[in-house]
Amino acid sequence: MELATVRVKWAPGKWTTLWPSGDPGSRHTLILAHGAGAGACHPLVAGLRDQLVAAGAFCVTFNYPYTEEGRRRPDRMDRLLTCHRAVAEWVRREVCETPVLAGRSMGGRMGSYLAADGDPVRALVLYAYPLHPPRRPDRLRSEHLGRITIPMLFFRGSRDAFATPEVFDREVRLLGVATVIDLDGLDHSFRGRGHRADEVNRRLAEVTVAWLETLGPNGFGKSARSGA
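Cut-offs applied
- The residue numbers shown here count from 1 along each chain, following its written sequence.
- Only residues with pLDDT of 70 or above have their local features reported here, since the model is predicted, and side-chain atom pairs are shown and tallied only from 80 upward, although totals for entire chains, interfaces and linings are computed over all residues.
- The basis for every side-chain value is the complete set of heavy atoms in the structure, and neither hydrogens nor water enter the calculation.
- We call two strands paired when DSSP finds no fewer than two bridges between them.
- By definition, any uninterrupted DSSP run of H or I lasting at least four residues is a helix, any uninterrupted run of E lasting at least two residues is a strand, and each is numbered from the N terminus.
- A fitted line through C-alpha atoms serves as each axis, taken over the contacting stretch for helices, and the angle formed by two N-to-C directions is quoted from 0 to 180°.
- The salt bridge criterion pairs a side-chain nitrogen of Lys or Arg with a carboxyl oxygen of Asp or Glu, the two atoms within 4 Å.
- Definition used in this section: a nonpolar core is a set of buried Ala, Val, Leu, Ile, Met, Phe, Trp, Tyr and Cys residues joined via side-chain atoms within 4.5 Å.
- Buried residues are those whose accessible area, probed at 1.4 Å on protein chains only, stays under 20% of the maximum for their type, while exposed residues exceed 50% and partly exposed ones sit between those limits.
- Residues are treated as being in contact if the distance between any of their heavy atoms lies within 4.5 Å.
- A pair of Phe, Tyr and Trp rings is counted when the ring centres sit within 6.5 Å of each other, with Trp represented by its six-membered ring. The angle between the planes then sorts it: under 30 degrees is stacked, over 60 is edge-to-face, the rest tilted.
- Roughly parallel covers angles under 35 degrees, roughly antiparallel covers those over 145, roughly perpendicular covers 65 to 115, and oblique covers all other angles.

Draft legend 1. Spatial organisation of the sheet that holds strand β3 (residues 29–33). With respect to topology, eight strands assemble into an open sheet ordered β1-β2-β4-β3-β5-β6-β7-β8, the strand pairing being mixed. Only two strands of the sheet have a single partner each, and these edge strands are β1 (6–11) and β8 (178–183). Averaged over all adjacent pairs, the angle separating strand axes in this sheet is 20 degrees, with direction ignored. For strand β6 (residues 123–127) and strand β7 (residues 152–157), the ladder comprises four bridges, and the chain directions are parallel. For Leu124, the partnering residue across the bridge sits in β7 and is Met152.

In structure tokens:
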């Protein structure tokens, strides 16, 4: 699918590319951030974006600076957050005042920091949130989650090495604003035997949009924690 692009300045002399897709008049505007090892055009991200649009959402994908510049190593967190915030500001100015911040792995984590800092956000959708590095459950990335007061939707694969069950249950599942969708047999990339990528992306998108339908325009509504 060939999409129009937008260039956004995130720092003096620094620009990144956005791919807006769908109907900007949709009830749901999502900013979908990519993970550490896959840019906005990777099938993991672009495929999910296309399914979100098919489910009725307006979706904006973008590149973090290191991806835009063709580098493989992720930027420092301050650069990631500055770029992410600039993209969100463009979306608020051009499309929707309170977008939903969504993201694969690292991209979802960056969105959660923005929400914890009080950026105007309707909700968070976190696809494979990287709660800790593989085999290092002592190095948690959850200290800020308790400060988030808007609804959060977590998709967690049962084989995700970045979110072991006991740590995830303790740090995430009991958060009062968290809804958790358990994906049996899937790993951190949402891959698993017998699961086609397009089918997984379609399910992620349909569940995401159905959940957003339960929320009010500012993120509050009848959402409650659940599993599936």
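Draft legend 2. Region of the structure containing the pattern of salt bridges. This model, assessed by the stated rule, comprises 17 salt bridges. A salt bridge links Glu199 to Arg196, with the shortest nitrogen-to-oxygen separation between them at 3.5 Å. Put simply, Glu69, Arg71, Asp75 and Arg79 are held in one network by salt bridges that share partners.

Draft legend 3. Summary view of the nonpolar core. Counting 43 residues, the largest nonpolar core has Phe62, Tyr64, Leu124, Ile148 and Phe154 as its most contacted members. Examining the composition of this core, we find that eight residues originate from one element, helix α3 (residues 77–94), more than from any other. Excluding residues that lie within four positions of it along the chain, Phe62 makes contacts with Thr17, Leu18, Trp19, Ile31, Leu32, Ala33, His34, Ala40, Cys83, His84 and Val87. Among the nonpolar cores identified, the runner-up in size contains 26 residues, and Ala123, Tyr127, Leu204 and Leu212 belong to it.

Draft legend 4. Focus on the packing of aromatic side chains. A full pass over the atoms with the stated rule returns four aromatic pairs. Aromatic side chains Tyr127 and Phe155 sit 5.1 Å apart centroid to centroid with 20 degrees between the ring planes, which places their arrangement in the stacked category. Pair noted here: Tyr127 is in strand β6 and Phe155 is in strand β7, with a separation of 28 residues, a long-range link. Of the two residues examined, Tyr127 and Phe155, each falls in the buried class. Their ring planes at 75 degrees and their centres at 6.0 Å tell us that Tyr129 and Phe154 sit as a pair that is edge-to-face. Of this pair, Tyr129 sits in the loop between β6 and β7 while Phe154 sits in strand β7, and the two are 25 residues apart along the sequence.

Draft legend 5. Examining unusual backbone geometry more closely. Residues other than glycine seldom take positive phi values, yet Ser105 does so here, at roughly 50 degrees. With respect to the helices and strands, Ser105 occurs in the loop between β5 (100–104) and α4 (106–116). In this structure Ser105 comes out as buried when scored by relative accessible area, which is 11%.

Draft legend 6. Quick look at the packing of α3 against α4. At a minimum axis distance of 10 Å, the contact between α3 and α4 shows a crossing angle of 75 degrees. When the axes of α3 and α4 are compared, the pair comes out roughly perpendicular. Side by side, α3 and α4 meet where Met77, Leu80, Leu81, His84 and Arg85 of the first sit next to Met106, Gly107, Arg109, Met110, Gly111, Tyr113 and Leu114 of the second.

Draft legend 7. A look at the environment of Pro120. Examined against the element boundaries, Pro120 turns out to sit in the loop between α4 and β6. Sequence separation between Pro120 and Glu89 is 31 residues, and the spatial gap between their C-alpha atoms is 9.5 Å. Each residue touching Pro120, except ones within four places of it in the same chain, is listed here: Arg92, Glu97, Thr98 and Pro99.

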